[in-house]
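Descriptive structure summary
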2 protein chains.
Amino acid sequence: MSVVPGATRNTRQRAQVLALLAATDGFRSAQQLHANLRDEGAQVGLTTVYRTLQLLADAGEVDQMRLPDGEQLYRRCGRGHHHHLVCRLCGRAVEVEIPSVERWTRNQAAAHGFVDADHTIEIVGTCADCATR
Amino acid sequence: MSVVPGATRNTRQRAQVLALLAATDGFRSAQQLHANLRDEGAQVGLTTVYRTLQLLADAGEVDQMRLPDGEQLYRRCGRGHHHHLVCRLCGRAVEVEIPSVERWTRNQAAAHGFVDADHTIEIVGTCADCATR
DNA sequence: GTGGAGTTGACAATCGTTATCGTTAGCGCT
DNA sequence: AGCGCTAACGATAACGATTGTCAACTCCAC
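Residues numbered from 1 in each chain as written. Chains lettered and ligands numbered in written order. Predicted model: local features only at pLDDT ≥ 70, side-chain atom pairs only at ≥ 80, totals over all residues. Heavy atoms only, no water.

**Some words on the overall build of chain A**
To keep it simple, the criterion reads: Strands are runs of DSSP state E lasting at least two residues, helices are runs of H or I lasting at least four, and both sets are numbered from the N terminus onward. The reference for a compact globule is 2.2 Å times residues^0.38; the radius of gyration itself is calculated from the C-alpha atoms. Here, two residues are considered to be in contact whenever any of their heavy atoms come within 4.5 Å of each other. Every accessible area reported is derived by Shrake-Rupley at a probe size of 1.4 Å, with residue values counting cover from the shown protein chains alone. Positive charge is attributed to Lys and Arg, negative charge to Asp and Glu, and no charge count is given to His or to the chain ends. The atom standing in for a charge is NZ when the residue is Lys, CZ when it is Arg, CG when it is Asp and CD when it is Glu.
Within chain A, the secondary structure is distributed over five helices and six strands. Listing each helix as α and each strand as β along chain A from the N terminus yields α-β-α-α-β-β-β-β-α-β-α. Computed over the C-alpha atoms, the radius of gyration of chain A is 18 Å, more than 25% above the 14 Å expected from 2.2 N^0.38 for a compact globule of 133 residues. Counting only C-alpha atoms, chain A reaches 55 × 50 × 25 Å along its principal axes. If you take every contact in chain A between residues at least 6 apart in sequence, the share linking residues at least 24 apart comes to 45%. Per element, the accessible surface of chain A, about 7800 Å² overall, is 49% carbon and sulfur. When the 15 positive and 15 negative side-chain charges of chain A are each reduced to one mean point, those points stand 5 Å apart.

Given below as structure tokens:
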């Protein structure tokens with residue numbers, strides 16, 4: 001039997017992106033992550049950072065959110081469905097759960113005949129540290 | 001005394017953008033609106049459409065939301081704080097209110113020391129018409 | 001070690017949006 | 001109606017994040 005097509009490989013670049021994500025606790029943009037990797041001497045292309053983040057996001061390994069200005073941010077996250085309270089300045093994030101809203105959104109969608117409903121809930125603010133600075 | 005600086009003027013272009021928005025009941029992108037205006041013979045520049053939408057959004061005359069792919073959408077809306085259930089295909093929107101969540105998000109932000117907290121809640125699905133088509 | 005399919009990355013292209021800046025035109029005033 | 005000031009316009013260029021391209025590379029099963 002030949003190799004199963006579709007296997008994913010463990011490459012140096014993916015390990016480095018994952019390592020950086022593991023060491024970061026706030027949301028970061030692909031460009032920020034790429035810059036950080038370059039700073040610490042890692043040899044990773046910007047394209048690869050984007051691709052890796054997309055892979056991880058699709059696999060549910062990282063969460064992604066979008067700032068009001070449209071920039072995409074990524075963060076290594078706990079599993080399961082949850083939402084975020086994010087600092088608009090430093091990216092620090094707190095995972096929050098909204099038990100009632102999950103049910104509520106489903107019901108609203110169904111009540112209006114919408115199917116395949118998905119929802120996005122993000123709370124963006126300024127964290128205590130950034131506020132006093 | 002001279003003219004008060006900062007006055008806004010009534011131009012043909014703004015009237016046309018407003019008229020189109022009034023005749024549209026779903027979320028539309030700036031580019032879609034511009035194309036529609038051109039189709040019906042209106043002479044309006046793309047830049048002006050963007051500027052006008054931004055003005056209206058700042059003034060609270062229209063609501064803006066962002067699709068998962070980052071595209072900005074606009075819609076003439078009822079006043080007051082509310083959220084939307086939007087069709088991902090045709091842009092049709094239903095305004096919904098989430099009584100408990102407004103309070104909940106405020107409390108969560110405060111509990112974690114965040115200030116100036118803002119929240120975005122959007123439900124995107126496929127409406128009944130688009131689903132059967 | 002070898003083969004070949006998954007990966008990489010420099011570069012170009014895309015796409016929505018914003019800045020530029022000379023021209024146009026709304027409107028308060030006379 | 002005419003004048004003048006300045007907001008507003010709009011064609012075009014610039015921008016910035018993201019994605020496509022494609023030849024070179026490198027994991028890894030055998």
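The structure having been displayed, the exposition proceeds.
**Details of the pattern of salt bridges**
Working definition: two side chains of opposite charge can pair if their charged atoms are close together. Residues and elements named next belong to chain A. So the rule is basically this: Salt bridges, as used here, are contacts in which a Lys or Arg side-chain nitrogen is within 4 Å of a carboxyl oxygen on Asp or Glu.
Scanning the entire structure with this criterion turns up six salt bridges over all chains. In this structure, Glu61 engages Arg79 in a salt bridge whose closest nitrogen and oxygen atoms are separated by 3.1 Å. Taken together, the positions of Glu61 in the loop between α3 (46-58) and β2 (62-66) and Arg79 in the loop between β3 (72-76) and β4 (83-87) put the pair 18 residues apart, joining distant regions of the chain.

**A closer look at the protein's contact with DNA strand C**
Threshold: Neighbouring residues are identified by heavy atoms, a residue being near a molecule or strand if any of them is within 4 Å of it. Residues adjacent in sequence count toward polar contacts only when both atoms are side-chain atoms; beyond that, a polar contact is any pair of N or O atoms within 3.5 Å, and within protein one must be able to donate a hydrogen and the other to accept it. Basically, the charged four are Asp, Glu, Lys and Arg, the nonpolar ten are Ala, Val, Leu, Ile, Met, Phe, Trp, Tyr, Cys and Pro, and anything else, Gly included, counts as polar.
As a structural note, the neighbourhood of DNA strand C is formed by 23 residues, with Thr8, Arg9 and Arg51 of chain A together with Tyr50 and Gln72 of chain B the closest of them. The sugar-phosphate backbone supplies 62% of the atoms of DNA strand C found within 4 Å of the protein. Contacts to DNA strand C include Gln43 of chain A, whose backbone N or O atom sits 3.1 Å from a phosphate oxygen. At the level of secondary structure, the elements contributing two or more residues to the surface near DNA strand C comprise α1 (12-22) and α3 of chain A together with α3 (46-58) of chain B. Across the surface near DNA strand C, the residue classes break down as five nonpolar, twelve polar and six charged.

**Observations regarding the relation of the copies chain A and chain B**
Under the convention used in this document: Superposing copies: least-squares fit, C-alpha atoms only, residues required to have pLDDT of at least 70 in both.
Aligned on chain B, chain A shows an RMSD of 0.1 Å; the corresponding rotation is 180° and the shift along the axis is 0.0 Å. Taken together, the turn and the small shift mark the pair as related by a two-fold rotation axis. When C-alpha distances to the rotation axis are compared across chain A, the minimum falls at Ile121 of chain A, with a value of 2.2 Å. Take the interface residues of chain A: 100% of them recur as interface residues in chain B, which is what a same-surface contact looks like.

**Quick word on the nonpolar core**
Let me state the cut-off plainly: Buried Ala, Val, Leu, Ile, Met, Phe, Trp, Tyr and Cys residues form a nonpolar core when they are joined through side-chain atoms within 4.5 Å. Remark: exposure states derive from per-residue accessible area (1.4 Å probe, protein chains only) relative to the maximum for the residue type, with buried under 20%, exposed over 50%, and partly exposed in between.
Counting 16 residues, the largest nonpolar core has Phe114 of chain A together with Leu85 of chain B as its most contacted members. If you tally residues by element for this core, the top one is helix α4 (residues 99-111) of chain A, at three residues. Look past the residues within four positions of Leu85 of chain B in its chain and what remains in contact with it is Gln108, Ala109, His112 and Phe114 of chain A together with Arg92, Ala93, Val94, Val96 and Ile123 of chain B.

**Some remarks on the domain arrangement of chain A**
Residue and element names in this part refer to chain A. Note the following rule: Each domain span listed reflects an automatic or database assignment of domains. Summed over both partners, buried area is the accessible surface (1.4 Å probe) that two parts give up on being assembled.
According to the domain assignment, chain A contains domain 1 (1-78) and domain 2 (81-133). With centres defined by C-alpha atoms, the gap from domain 1 to domain 2 works out at 22 Å. Domain 1 puts nine residues into the contact, and the matching count from domain 2 is ten residues. Here domain 1 meets domain 2 over a buried area of about 780 Å², counting both sides, of which 57% is carbon and sulfur. On the domain 1 side of the contact with domain 2, Phe27, Met65 and Arg75 bury the most area, a combined 48% of that side's loss. Run the count over domain 1 and domain 2 and you get one salt bridge. Glu95 serves as the salt-bridge partner of Arg75, at 3.4 Å between the closest nitrogen and oxygen. Inspection of the region where domain 1 meets domain 2 yields five residue pairs in polar contact (both at pLDDT 80 or more).

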